[in-house]
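# Analysis of the macromolecular model
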Amino acid sequence: MEKIQLVKLSEEIVKITKSIPALDLDIGNQVIERKVLLQGKISLNNFIYAESIIVHERLDNRLRTKLTESQEAIGRLWLEHKLETFKEIIDSAIETSDDLSDYFNIAREDKILSRTYRVFSNKKPIIMITEKFPESYFLKKF
């Protein structure tokens, strides 16, 4: 029941060098690449690591500004801006934590789960998000 805060690890506007069919994007399109942690406000435990590819030109100007200038999670911004969305899971995996292990205080060889989904608004894909979290979160109580 702990409140969650967002910790931005990186966020930059880049031109893509390969097409991204899940977002209907060709080489050369600009997107926002964002890496964040969702962290407990009191415990400072990291619960989720997430990477997002955001088609900023498909977002409302106010939402785009708030996204890049605030420390708010995307989901909270959708609610605040009353953005109607549809989410479609397009991939899931189990992998070793490797470089993410430090964020979760686990061993590099420990397993993490991931899911990738795309978010639609106005029938267009606007964001692709990959969330990663330790498998152990489902094997023990916090």
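What you see is a predicted model, and the numbers here were worked out from it, not measured in a lab.

I54, L67, I74, V119, I127 and I129 are the most contacted members of the largest nonpolar core, which totals 29 residues. Sequence-distant contacts of V119, that is, excluding residues within four places in its chain, are made with W78, T85, F86, K87, K124, P125, I126, I127 and I129. Ranked by size, the runner-up nonpolar core spans 10 residues in total, among them L23, L25, V31 and M128.

Moving on to the environment of T96. As for its placement among the helices and strands, T96 is situated in strand β4 (residues 86–96). Distance from T96 to I126, taken between C-alpha atoms, is 29 Å for residues 30 residues apart in sequence. Aside from chain neighbours lying at most four places away, what touches T96 is R108, E109, D110, K111 and I112.

Attention shifts here to the environment of K15. One can find K15 in strand β1 (residues 4–15). Separated by 117 residues in sequence, K15 and K132 have C-alpha atoms that sit 24 Å apart. Residues contacting K15, with those up to four places away along its chain left out, are G28, N29 and Q30.

For the rest of this paragraph, the subject is the packing of aromatic side chains. Per the stated rule, a full pass over the model turns up five aromatic pairs. Consider the rings of F86 and F120, whose centres lie 6.1 Å apart with planes at 50°: the pair is tilted. Linking F86 in strand β4 with F120 in strand β5 (residues 111–121), this pair joins segments that are 34 residues apart in sequence. Judged by relative accessible area, F120 falls into the buried class, the value being 17%. Three or more aromatic residues link up through ring pairs in this structure, and these residues are F47, F104 and Y137.

This next bit is on the layout of surface pockets. In this model, the largest pocket occupies a volume close to 300 Å³. L38, A73, I74, G75 and E131 are, among the 16 residues lining the largest pocket, the residues nearest its centre. Listing elements by their share of the lining of the largest pocket, those giving two or more residues are β1, β2 (30–40), β3 (46–54), α2 (74–80) and β6 (124–134). For the lining of the largest pocket, the leading source of residues is α2, giving four residues. Taken together, the residues of the lining of the largest pocket break down into 10 nonpolar, two polar and four charged.

A few words on the pattern of salt bridges. For the structure shown, the criterion picks out six salt bridges. Salt-bridge contacts for E131 lead to R115; the nearest nitrogen and oxygen are separated by 2.7 Å. Of this pair, E131 sits in strand β6 while R115 is found in strand β5, placing the two residues 16 residues apart along the sequence. For E131, a relative accessible area of 9% puts it in the buried group.

Calculation criteria
- Residues numbered from 1 in each chain as written.
- Predicted model: local features only at pLDDT ≥ 70, side-chain atom pairs only at ≥ 80, totals over all residues.
- Heavy atoms only, no water.
- Core = buried A, V, L, I, M, F, W, Y, C linked by side-chain atoms within 4.5 Å.
- Buried < 20%, exposed > 50% of the residue type's maximum accessible area, 1.4 Å probe, protein only.
- Contact = heavy atoms within 4.5 Å.
- Helix = DSSP H or I, 4+ residues; strand = E, 2+ residues; numbered from the N terminus.
- Phe/Tyr/Trp six-rings, centres within 6.5 Å; stacked < 30°, edge-to-face > 60°.
- 1 Å grid on protein atoms, 1.4 Å probe; cavity = no way out; pocket = protein on both sides within 12 Å on 5 of 7 lines; lining within 4 Å.
- Points joined across faces, edges and corners; volume = space filled by probe spheres on them.
- Nonpolar A, V, L, I, M, F, W, Y, C, P; charged D, E, K, R; others polar.
- Salt bridge = Lys/Arg side-chain N within 4 Å of Asp/Glu carboxyl O.

Honestly, it's all geometry; don't read function into it.
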